[in-house]
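The lines below spell out each chain.
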Amino acid sequence: MTTLSAAVGRTLAACGIRHAFGVVGGGNILATAALTASGVRYTAARHEGGAMAMADAYYRATGEVAVCTTTHGPGLANTATPLAEAVKNRSGVVLLCGDAPLAGPRPHDIDQSAFAASLGVPVVRLSDPATARREIAGAVGTARARQCPVAVFIPGDLSGAAVPADEPEPDTAADPVVPAYPVPAYPVADGPAGAAPPQDLARAVAALAGARRPLLLAGLGAWRSGAGKILLELGDRLGALYATTVMASGLFHDSPWSLGVCGGFADPAAAALAGEADVIVAFGARLDTFTLHGGRILDPAATVVQVDLTAGPTADRVDVHVRGDAAAVAAQLLDALDAPAPPPPGWRTGATARALPAGWAARPYEDASAGGRIDPRTLTSALARLLPAQRTVVLDGGHFIGWPAMYWRIPDPAGLVFTGAAFQSIGLGLAGAVGAAVGRPDRTVVAAVGDGGALMGLSELDTLIRTGRPALVVVYDDAAYGFEEHMYAPQGADSATMTFADTDFAGVARALGAAAATVRTVDDLDVVRSWRDRGAPGTLLLDCKVVSGVVAPYLADLIAPRTAG
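Residues numbered from 1 in each chain as written. Predicted model: local features only at pLDDT ≥ 70, side-chain atom pairs only at ≥ 80, totals over all residues. Heavy atoms only, no water.

Re the overall build of the protein chain
When you go through the protein chain residue by residue, the secondary structure sums to 22 helices and 18 strands. Against the compact-globule benchmark of 24 Å for 565 residues, the protein chain has a radius of gyration of 24 Å, which places it among compact chains. Across its three principal directions, the C-alpha atoms of the protein chain cover 75 × 60 × 50 Å. A burial count over the protein chain gives 57% of its 565 residues as buried. Just so you have it, the protein chain exposes about 21100 Å², and 55% of that area is on carbon and sulfur atoms. Charge centroids of the protein chain, computed over 42 positive and 53 negative side chains, lie 4 Å from each other. (Helix = DSSP H or I, 4+ residues; strand = E, 2+ residues; numbered from the N terminus. Rg over C-alpha atoms; globule rule 2.2 N^0.38 Å. Buried < 20%, exposed > 50% of the residue type's maximum accessible area, 1.4 Å probe, protein only. Areas by Shrake-Rupley, 256 points an atom, 1.4 Å probe, with all protein chains shown as cover. Lys, Arg positive; Asp, Glu negative; His and termini not counted. Charge placed at Lys NZ, Arg CZ, Asp CG, Glu CD.)

With respect to the sheet that holds strand E15 (residues 444-450)
Reading across from one edge, E14-E13-E15-E16-E18-E17 is the order of the six strands in this open sheet, with parallel pairing throughout. Strands with a single pairing partner mark the edges of an open sheet, and in this sheet they are strand E14 (416-418) and strand E17 (515-519). Across the sheet, the mean angle separating the axes of adjacent strands is 15 degrees when strand polarity is ignored. As paired strands, strand E13 (residues 391-395) and E15 are joined by five bridges and run parallel to one another. (Pairing = 2+ DSSP bridges. Axes fitted to C-alpha atoms, helices over the stretch in contact; angles between N-to-C directions.)

Observations concerning the packing of helix H10 (residues 228-238) against helix H12 (residues 326-336)
It is at 9 Å that the axes of H10 and H12 come closest, and there the two elements cross at 30 degrees. One element, H10, and the other, H12, form an angle in the roughly parallel class. Seen along the crossing, H10 lies across H12 with a hand that is left-handed. Of the residues in H12, those touching H10 at Ile230, Leu231, Glu233, Leu234 and Arg237 are Ala327, Ala330, Ala331, Leu333 and Leu334. Per-class residue counts for the contact of H10 with H12 are eight nonpolar, no polar and two charged. (Parallel < 35°, antiparallel > 145°, perpendicular 65-115°, else oblique. Left-handed = near helix turned anticlockwise from the far one by under 90°. Contact = heavy atoms within 4.5 Å. Nonpolar A, V, L, I, M, F, W, Y, C, P; charged D, E, K, R; others polar.)

Overview of the pairing of E13
Counting buried residues in E13 gives five out of five residues, a clear majority hidden from the surface. Side-chain alternation along E13 places Arg391, Val393 and Leu395 on one buried face and Thr392 and Val394 on a second face that is also buried. Looking at chain direction, E13 and E14 are connected through three bridges and run parallel. Across the sheet, leucine 395 pairs through a bridge with phenylalanine 418, a residue of E14. For the crossover from E13 across helix H15 (residues 402-407) to E14, the handedness is right-handed. (Right-handed = clockwise from strand over helix to strand, strands pointing away.)

A few points about the confidence of the model for the protein chain
Residues of the protein chain with pLDDT of at least 70 account for 91%, and the chain-wide mean is 90. Note on residues 173-192: pLDDT is under 50 here. Beyond four places in sequence and across chains, it has 42 contacts. (pLDDT = per-residue confidence, 0-100.)

Focus: the pairing of E15
Burial within E15 is extensive, with seven of its seven residues counted as buried. Here E15 shows two buried faces, one formed by Thr444, Val446, Ala448 and Gly450 and the other by Val445, Ala447 and Val449. Of the pairings in the sheet, the one linking E15 to strand E16 (residues 471-477) comprises six bridges and is parallel in character. From the neighbouring strand, alanine 448 faces E16, where its bridge partner is valine 474.

Things to note about the environment of leucine 512
The residue leucine 512 is located in helix H20 (residues 505-512) in this model. Assessed through its relative accessible area of 33%, leucine 512 is described here as partly exposed. Sequence separation of leucine 512 and threonine 463 is 49 residues, and the distance between their C-alpha atoms is 9.6 Å. Setting aside residues up to four positions removed in sequence, leucine 512 forms contacts with Leu461, Asp462 and Ile465.

Here we look at the nonpolar core
Grouped together as the largest cluster of nonpolar side chains are 57 residues, with contacts concentrated most on Leu231, Leu234, Phe283, Leu287 and Leu333. By size, the runner-up hydrophobic cluster in this structure holds 52 residues, among which are Ala53, Ala116, Val121 and Ala436. (Core = buried A, V, L, I, M, F, W, Y, C linked by side-chain atoms within 4.5 Å.)

Considering helix H3 (residues 48-62)
Relative to the 21 Å expected for 15 residues at 1.5 Å per residue, H3 spans 21 Å between its end C-alpha atoms, a close match to the ideal helical length. Burial within H3 is extensive, with 14 of its 15 residues counted as buried. Taken from the residues just after H3, glycine 63 is the one with a positive phi, measuring 80 degrees. (Expected span 1.5 Å × (residues − 1).)

Structural notes on the side chain of aspartate 478
Inspection of the secondary structure assignment puts aspartate 478 in the loop between E16 and helix H19 (482-488). Notably, aspartate 478 is buried but unbridged: the nearest opposite-charge side chain belongs to arginine 373, and the N-O separation is 6.7 Å. Engagement of the side chain of aspartate 478 in a polar contact is seen with the backbone nitrogen of alanine 480, the distance being 3.2 Å. Discounting chain neighbours no more than four positions away, the residues touching aspartate 478 are Arg373, Asp451, Val546 and Ser548. (Salt bridge = Lys/Arg side-chain N within 4 Å of Asp/Glu carboxyl O. Polar contact = N/O pair within 3.5 Å; in protein donor to acceptor, adjacent residues only side chain to side chain.)

Observations regarding the sheet that holds strand E3 (residues 66-70)
If you trace the six strands from one edge of the open sheet to the other, you get E2-E1-E3-E4-E6-E5, paired in parallel fashion. Either end of the sheet is taken by a strand with one partner, and the two such strands are strand E2 (41-44) and strand E5 (123-125). If you compare each strand with its neighbour and ignore which way they point, the axes differ by 20 degrees on average.

Re the packing of helix H1 (residues 4-14) against helix H2 (residues 29-37)
It is the contact of H1 with H2, at a shortest axis distance of 7 Å, that shows an interaxial angle of 40 degrees. With respect to H2, the element H1 is oriented oblique. Pair H1 / H2 crosses with right-handed handedness. Here Ser5, Ala6, Val8, Gly9 and Leu12 of H1 lie close against H2, whose contacting residues are Leu30, Ala31, Ala34 and Leu35. The residue inventory of the contact of H1 with H2, partitioned by class, reads seven nonpolar, two polar and no charged.

Some remarks on unusual backbone geometry
Positive phi outside glycine occurs at arginine 90, with the angle close to 60 degrees. Inspection of the secondary structure assignment puts arginine 90 in the loop between helix H5 (80-89) and strand E4 (93-99). You will see that leucine 287, though not glycine, has its phi angle at about 60 degrees, which is positive. You can see leucine 287 is positioned in the loop between strand E10 (279-283) and strand E11 (303-308).

Structure (structure tokens):
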């Protein structure tokens, strides 16, 4: 006899799931056993929220759907923040949980379907063993096709129910079904994704026809659609410059015409050039306030064309919205622009002379290291020369993110896992490092976290160490919630609510089995060189005591209007 729990695990494996992350309990332990028995690799997290963040990061680093599995009730509830992050980041994850019995809820149960729906997560609640395999295959297909988390709930009184032996195996190559509670987190239009409607395309072509200083801006959607090569060809046809959102960092890094990241992390000279563009075409980018740096980046008179799968513009700044897949629409534009007006030669050649060879590393600053604390710019630029070339950079949220975003090269968008950015949270970085490490063992994980986020997600440092994968953890310890301290203390907020005593992160890491060092000067970074030269064995944590008074440029710009006058 095949039980429902066994069928769940076997079907997920048959659908191509290769890795699961979780915390087991009564609601999911048998299904998890079936997963591992079917050859699915499993990483045991210390917290359900960590497991969800790991599965999200795994998808970001690999493009493959992973499983996060928890027990019912509190197990599911613990995933709320990273689950919301995965929804907003459009990450394909199957969330496998126990659930209340069909016969009725127990005292400790919650309405899990309503919980998931409130976050925009489609739900499959297995209520009939005879259809379970098909429903699970549909859930995996939906996660892949719609790039979203999908929850699969196993009612407590069906876990051991028999699955009919004559039920046909699911067609895992079939079109995905859309389960109950199809509540997307963003307004996606109905119908097949792909080429742009003729009227949308015509408006985009008209906007580009008169462009003299065009800029192609690529976001995560462009990377996921495989649009990088066709966008380079389109840019050459137009004589355009290129830029990316932070989530698509590295997409154009080999181009001599790339401005790098657009937004608050942009080098000032590159940002100034972006501000001269007269037509900006954004492919697969949401154009949020961070990409546009609060409206500071683009010329108010510039025409903004947004190419995205959404039903309409996602920002007020958009003048022309084109619904379609980034790669498909870029190909359409390339075909439609056979004989564009030649751009002025100074747009590309002038950019080369003014900004492109530079970047933050070439910009001087006055080193503020003092009192046994290191300037975060000095720390981050020194680390940039020591990091392994093949790396996945994992960022947590917080003030400190400005420094690695400014100084560390990202190899390609899969080489950046920026946790918390979509939901504006902190505490997911260490868990994200686990997902990235097991998903891309060919790259060394470099995780940057603040002290606040590190303590919030500290349990998953143990999980990272247990994986045995090479990982460098850089803790930017300013003994404060730095973003809030810099943003709100000038407005009268009580600093005592945002500042703390130093934490001995190095001591904690050693207690958990990692190598560790406290960093107060550049000389203390010799431990990184030694670790790297020895083949980067296991986890090395750097407890970096950074100067708290140095404000990242992106935040300084946000603060300026609030404090002026």
